[in-house]
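Coordinate inspection notes
For reference, the chains in residue letters:
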Amino acid sequence: MTTALPGAQAADWQATRPQRLHPVTPVVRALQIGPVLGIAAVSLGLDQLRSNPFGWLGVFVVVLAMVAASGAWAYLVWSRYSFWFDADGDLRIRSGVLQLNERRVQVSRLQSVDVTQPLLARIFGLAELRPEVAGASSGATRMAYLSQPDADRLRAELLARAAGIRVEQGASAPVAPETILVSVPTGTLLTSLLLQPDMLLLMVGLPLTAVLLTAVGAFEFALPMLLLVGTPFFVVGGRFVTLFGFTVAESPDGLRLRFGLTSHRSQTVPPGRVQAVRLEQPVLWRRRGWVRMVVNVAGASGGEDAQNRPSTLLPVAPEAVARAVLARVLPGVDPLAVPLDAVPARARWRAPLQRRRLAVGNDDQVLVVRHGWLVPTWDVVPHARTQSVRVSQGPWQRWLRLASVHVDSTPGPVRITAAQRPAEEARQLAEAQVARARSARSRSRPDRWLLDRPPE
Amino acid sequence: MSDPRPTADPTRSFAGDPFLAPGDGWVGVSPRLATVRRISVVGPAVLIAAAITVAVAVMASPAWAFVAVVASVAVVSWLTWLIGRQVRAVGYCLRSDDLLVVSGIAFRRLVVVPFGRMQLVDVTRGPIDRHFGLASVQLHTAAATSDASIPGLTPGEAAALRDRLASLGEQRSAGL
């Protein structure tokens, strides 16, 4: 990570003139209080509202005043916000109405730049830019709002600077060309979301239980069931809206993920930043040959950032397509071809449902752990990305002469645990993984994703 | 490296016990740690037990209060004994490329942290720790789940370990 970049470090950059966000920003911000007003109106009741001395006119004036006040504040925020590139080539952002705040986005530590479009911004053709920097603990930097072309241009420039490419003042940075690898069809996405074992169980189980309880005459228990009947549908609906139109595109700075129905997101997964991959195939997907992939991506740690970091690499795709995408993030790795070592038969007393699926194996690049009952899962972690290794053993496991080996990865949805290994083998597995991690790290190249790639 | 520390040997057999000590054994922690833990666990336990006993004596009969006293004494002495064993179960070992920490009796765990993966080393001393002359060293990696902490060290030992880990980490730093 501390490797010197040829050209980038020594050069002194030319500072650029401060720029503003898009002038429509205050309007969008002011309109964002709309839902708040709506909720207030509903909770007060329309009759209550109208009962003031001026009737509807009074309501109208109050609403207007509130929108105007919020707009005035948004205008102040906007007018005090400026950004520019300093002489070191880093992005500076100055903001704050009451308290002045100047932030420096160190371009050499840039992880990714996301462009998101919440619904309201999308209507106005605006977008929010989120440059993410490694190790930033003070929360994500959000630049809202820029016009869509401006956001794309600034994004390209940030990425170009991060790669050490010099851009003449006034000229625009070359936008990395991208080729679309996968786009998930809407029907496939919806079907895949409905064919999850847990969701199906809830969708069928809740109404069924409610009916049964009613039949028995236990109405007081049936009522809460009926109230819950809608929840799984809301969950599936929420996932559908979030993942709608999922596309994976390849560009020189990594895989670019785009998705979202109402608010549109774009995330970048730099290949060198992928720490672990999980492949899942819920049992009901097997006939269709679909799989899902989630990833751990190294980045800023911390609550708010965690949810903005990419985690779903591919919500659903045929296995061959998934392999092709996996080959981009972990080149030369085929986790399904790695020979796996099963757990001993006595493990059934500790993990009766998963027993037949529990297995672990490795090739010279990755460790693969298979587990899961209704959702067969393969967890893949490159040796070079292994953080620490743990062995754990509970009393029941000890009685059965079993132990679990955990390989720690950066925070994310993928957790790697080789569970219920024979006790006599667990420590060797752990020690061998530590040794593999060490030799893989000494072989690996420094983490410079843009410069590392050979010109195509 | 000049010092003859044991290196990891993946071919070594750990038949029967995955928590076997490497090479020259685990370095234990100070028995004073048991005292510190007993104060923070047994103290409140005694208070709760006394409160329950009094409540039983008032609400029920003295006979039941006697049962409560016996039960409290049993629980408190079990806790006292357990903490002693737990503290004796904590051990660490510096090898040439990694740190091993072992702990737990019923739920045993062992963590191996490669020096190249360490991001920072913390030394912490709480008020009770300070009174008993103890400190703990905690290692952090980029993974939140690593959690390798060594409690119950003397301040000198803790500082020496921290400096040593920091320098080893610097030599073998490997990025993310």
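See the structure printed just above.
These numbers were taken from a predicted model, which means no experiment stands behind them.

Criteria and thresholds
- Every residue gets a number counted from 1 within its own chain, in the order that chain's sequence is written.
- Ligands are numbered from 1 and chains lettered from A, in the order in which they are written.
- Side-chain atom pairs in this predicted model are given and counted only at pLDDT of 80 or more, local residue features only at pLDDT of at least 70, and totals for whole chains, interfaces and linings cover all residues.
- Counting from the N terminus, the helices are DSSP H or I runs at least four residues long and the strands are E runs at least two residues long.
- Residues are scored as being in contact if the C-beta atoms we place from backbone atoms lie within 7 Å.
- Pairing between strands requires that DSSP locate at least two bridges from one strand to the other.
- Under this scheme, a helix contributes an axis fitted over its contacting stretch, all axes are lines through C-alpha atoms, and angles between N-to-C directions fall in the 0 to 180 degree range.
- To sort residues by exposure, count the other C-beta atoms lying within 10 Å of each residue's C-beta; 20 or more gives buried, 12 or fewer gives exposed, and values between give partly exposed, all with C-beta atoms placed from the backbone.
- Gly counts as polar in this scheme, as do all residues outside two lists: the nonpolar Ala, Val, Leu, Ile, Met, Phe, Trp, Tyr, Cys and Pro, and the charged Asp, Glu, Lys and Arg.

Quick word on the overall build of chain A
Assigned secondary structure in chain A consists of 15 helices and 20 strands. In chain A, of all internal contacts separated by at least 6 residues, the share reaching a separation of at least 24 is 59%.

A look at the sheet that holds strand β2 (residues 91–95) of chain A
All names here are of chain A. Read across the sheet, three strands follow the order β1-β2-β3 without closing on themselves; strand pairing throughout is antiparallel. The open sheet has two edge strands, β1 (82–85) and β3 (101–105), and neither has a second partner. Mean inter-strand twist for the sheet, computed between neighbouring axes without regard to direction, equals 15°.

Details of the environment of Leu21 of chain A
Residues and elements named next belong to chain A. Relative to the helices and strands, Leu21 resides in the segment before α1 (25–31). Taking the C-alpha atoms as reference, Leu21 lies 8.3 Å from Phe83; in sequence the two are 62 residues apart. In this structure Leu21 touches Trp78, Tyr81, Met143, Tyr145 and Leu146, once residues within four positions along its chain are discounted.

Regarding the pairing of strand β4 (residues 110–117) of chain A
Residues and elements named next belong to chain A. With eight of eight residues buried, β4 is to be regarded as a mostly interior element. Note that β4 and strand β5 (residues 126–133) share six bridges and pair antiparallel. Looking across to β5, one finds that Val113 is bridged to Pro131. Where β4 lies against strand β10 (residues 264–269), three bridges are found, and the strand directions are antiparallel. By the bridge assignment for β10, Gln117 is matched with His264.

Some details on the sheet that holds strand β5 (residues 120–124) of chain B
Hydrogen bonds along the backbone pair up the strands of a sheet, which may run parallel or antiparallel. Residue and element names in this part refer to chain B. In space, the three strands of this open sheet follow the order β5-β6-β7, with antiparallel pairing throughout. The open sheet has two edge strands, β5 and β7 (148–153), and neither has a second partner. The average undirected angle you get between the axes of adjacent strands in this sheet is 15°.

A short note on the interface of chain A and chain B
Counting residues at the interface gives 30 residues for chain A, matched by 30 residues for chain B. Contributions of two or more residues to the side of chain A that touches chain B are made by β18 (389–393) and α14 (423–443) of chain A. Ranked by residue count, the leading element in the side of chain A that touches chain B is α14 of chain A, at 13 residues. Residues of the side of chain A that touches chain B, tallied by class, amount to 14 nonpolar, eight polar and eight charged. Where β18 of chain A lies against strand β4 (residues 108–114) of chain B, five bridges are found, and the strand directions are antiparallel. Opposite Ser392 of chain A, over in β4 of chain B, you have Arg109 of chain B as the bridge partner.

Treat this as a map of the structure, not an account of what it does.
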